[in-house]
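Observations on the three-dimensional arrangement
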Amino acid sequence: MLIQPIDYFLLVWFALAAASTLYVAVDQYRNNPEPIVMKWGFILVTLYTGPLGLLLYVLADKEPHPGTHEEFIKPLSKQGIGSTIHCVAGDATGIIAAAVITATLGLPMWFDLIVEYVAGFSVGLFVFQALFMRSMMGGTYFENVRRSFVPEFISMNFMMAAMAPVMTLLMMSRDMRAMDPTQLVFWGVMSLGIMAGYALAYPSNVWMVAKSLKHGLMTERKPGTKFADEAPQPDKDDKPADPHSRHDMAAMKSGGGDKTKHHNMAAMGGKSGEGGDAKGEGDHDKMKSDATRPQVFALGMVSIVALAAGMIAPANSVNMRLSSRDVGDSIMPPGMIMDRTTPADAMRDMAAANPNDVRASYGLGVRGDRPLAFRIENGVKVFDLRASVINWTILPGVSVVAYAYNGQVPGPRIHIREGDRVRIDVHNELPDITSVHWHGLIVPNQMDGPAYVTQAPIEPGGSYSYAFTAVQHGTYFYHPHAKPDRTQALGLYGALVIDPSDPATEVAADHEYVVQLQEWLLREGLTFPAMPMEGGFANYFTINGKAYPATETIPMKVGETLKVRFIGTNNGMVHPMHIHGGPFQVVAIDGETLAPAQRYMADTVLVGPGQRYDVVWTARKPGKWLIHCHIPHHTANNNVETQGGGGLMAVIDVR
Ligand SMILES: [Cu+2]
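Within any chain, residue numbers begin from 1 and follow the written order of that chain's sequence. In keeping with the predicted nature of the model, local features appear solely for residues at pLDDT of at least 70, side-chain atom pairs appear and are counted solely at 80 or more, and the whole-chain, interface and lining totals rest on all residues. Think of the side-chain values as coming from all heavy atoms in the structure, minus any hydrogens and water.

A look at the overall build of the protein
Starting at the N terminus, helices and strands are each numbered in turn, a helix being any DSSP run of H or I of at least four residues and a strand any DSSP run of E of at least two. What the protein contains, in helices and strands, is 13 helices and 26 strands. Each residue is assigned to one of three classes by its accessible area relative to the maximum for its type, calculated with a 1.4 Å probe on protein chains only: buried under 20%, partly exposed between the two thresholds, exposed over 50%. In the protein, which comprises 655 residues, the proportion classed as buried is 56%. Exposure was quantified through the Shrake-Rupley algorithm and a 1.4 Å probe, taking into account, for residues, occlusion by the shown protein chains and nothing else. When the accessible surface of the protein is summed, it comes to about 26200 Å², and 62% of that surface belongs to carbon and sulfur atoms.

Below you can see the structure in the form of structure tokens.
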């Protein structure tokens, strides 16, 4: 899905890759005189590496002018490219197929790598090398498998040595959509891995071509076409040209005449003397390598070391026991410490809210904490809470992807009276499990909300009804008790205000203002659940779902009183909430009204998660008086102050 800049880059990339591949395919079949196996090699590698494959093709292989292919492909550097292309085309095809299958089956990354190696090596050896080369080289299929084995082994080792860490480290880094074949980034990582594999395999391929261990580029012209009969004739070959086909194998030394085919090996290193030595050794073409056994052995050893490093080293830093299915399409916050023991649960917990889950978007003018309407059923007040993912604006031009009750942050205010029988029907439209806890209320245990403790979690798409009688009064709130670390931190909470059955016991004031606090983490256009750990620290803060200067202004007159209900809906921090213009009286704590003698004066209350303070403040003098958190970072918006502050700040405007 298109949710990150990289996704748009990849769209461009794959469009160019498609165009490049189309060009190479058409040009190979229309114009380029080479064997089918090499045509397909370049087509596949261009598909996997886009414009880079196209560049290799036009620089090393595409016949620049009619009749010049034989001469054009002679340099060793180009022969090495041909050999590497040939290897990468086969290996990468196997690797990609294996990666898609293992990811779809939900197999762990370590197993994925092994399957990829086996599949890549198998496709490379049994299909691209042995099967296709047999048509070039003659001999039995098994002979071709045997003589291709060691060169293919070395080349594959180097290729995988680079490709494995690129895949592992990028797929399991922050954007773990890269593990999912349905995502563009998966294919982007695959492409990058193939490029890295190509680069590391190239030097060994050059050497192996120089030593005639591998094939390089070849020219093959259809008999009867314009330049077919003008192609360079092989050295010291006294046999007549095969009338049906002609192969120029620039990479190989002449290894004796084939009875049915005519091969011209315009080789580098193809000294005529050596070609002569080889002549007559077999009935069909054999590559006669002048690499010594110790040389091949040593190169093989180095390739094994490189492979082992590439396959094993990433396990030091990423958890290779995880599969694509385990981590979903999680995008992790910058700065989160992930190591080889980090479980998938931790990753999903901290992952960004998925913008694709958003059901509705709301602008700055839409407020949260709106009164929740109810209906009466048999004397019971029935409320509906519907949790879903929304786009919620906290500042002009700044919106978060929030988990919200009834499309608002905070959720709607449930305002009831002591003695009320209530039922709240909760519907879960989130991608996560949920449940609702009625914080501080005396309720039947089954109605209390802790998932897995008193009830099964409400699965996505599911519902649960909570019924109880309010036997207390005061300031309370509700929040999820299934994965609150993630889901409450993304916006699931709401005020629950219960009026006393005897109105005379209410501590009255001229105005009321409910303050619900929240920390947010908004980075790179994504909303992560803020939490006090690496990568989770908040950079935005809201009162009632808005950050200053988008918070409400409370209009008052001198001499009036304001009852502020501070609610600790905040998840990860304690906020010392302070009011300018003189002290306030603390009249209730955690929903419990203090007896007159217990009430006390203060100018700051520490609002910890879950706590409530009802305070009564008197407007003593006219002017603009602030309510704000006393941690200065919490009165900034992503560390920026606007109109004197940000975040947890609101103005009382006294006339
Ligand atoms: Cu604070």
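Looking at the sheet that holds strand β10 (residues 436–439)
Either a parallel or an antiparallel arrangement is found when strands of a sheet pair, and the pairing is made through backbone hydrogen bonds. Strand order in the open sheet made by the four strands is β8-β13-β12-β10, with mixed pairing throughout. Either end of the sheet is taken by a strand with one partner, and the two such strands are β8 (411–417) and β10. Between one strand axis and the next, the sheet turns by 20° as a mean value, whatever way the strands run. Strand pairing follows a simple DSSP-based rule, namely that at least 2 bridges must link the two strands. Fitting a line to C-alpha atoms yields each axis, with helices limited to the stretch in contact; the angle taken between N-to-C directions then spans 0 to 180 degrees.

What about the pattern of salt bridges?
Take a side-chain nitrogen of Lys or Arg and a carboxyl oxygen of Asp or Glu: if they are within 4 Å of each other, that pair is a salt bridge. As enumerated under the stated definition, the model contains 24 salt bridges in all. With a closest N to O distance of 2.8 Å, Glu506 and Lys563 form a salt bridge. Placement of the pair is Glu506 in the loop between β13 (494–499) and β14 (511–523) and Lys563 in strand β18 (residues 561–567), with a sequence separation of 57 residues. Residue Glu506 is classed as partly exposed on the basis of its relative accessible area of 28%. Classification of Lys563 by relative accessible area gives buried; the value is 2%.

Thoughts on the nonpolar core
The biggest cluster of nonpolar side chains holds 71 residues, and the ones touching the most others in it are Phe42, Ile85, Met160, Met167, Met171, Met190 and Met332. A total of ten residues in this core trace back to one element, the largest contributor, which is helix α7 (residues 141–171). Contact between two residues is taken to exist if any of their heavy atoms lie within 4.5 Å; hydrogens are not considered. Those residues in contact with Met160, other than ones at most four positions away along the chain, are Ile95, Leu113, Glu116, Tyr117, Pro165, Met167, Leu307 and Met311. As used here, the term nonpolar core means buried Ala, Val, Leu, Ile, Met, Phe, Trp, Tyr and Cys residues forming a set that is joined through side-chain atoms within 4.5 Å. Of all hydrophobic cores here, the second largest spans 36 residues; its members include Leu526, Ala619, Ile627 and Ala650.

Comments concerning the coordination of the copper ion
Distances decide who is a donor: an N, O or S atom must be within 2.8 Å of the metal, or within 3.2 Å for Na, K and Ca. Water is not included, so sites may look incomplete. Within the first shell, the copper ion binds the protein through His575 (ND1), Cys629 (SG) and His634 (ND1), at distances of 1.9 to 2.0 Å. Counting along the primary sequence, the residues that act as donors to the copper ion give the motif H-x53-C-x4-H. Taken individually, Cys629 and His634 each receive the classification buried, so the pair is uniform in this respect.

A closer look at the environment of Leu322
With respect to the element layout, Leu322 can be found in the loop between α10 (293–312) and α11 (324–327). Every residue in contact with Leu322, bar those within four places of it in the chain, is listed here: Leu107, Pro108, Met109, Met172, Met179, Val327, Thr342, Ala344 and Met347.

Comments concerning the pairing of strand β9 (residues 421–428)
Burial of β9 is extensive: six of the eight residues sit out of reach of the surface. Note that strand β6 (residues 380–395) and β9 share six bridges and pair parallel. What sits directly across from Asp384, in β9, is Asp425. As paired strands, β9 and strand β11 (residues 463–469) are joined by seven bridges and run antiparallel to one another. Among the inter-strand pairings, Ile424 is bridged to a residue of β11, identified as Tyr466.

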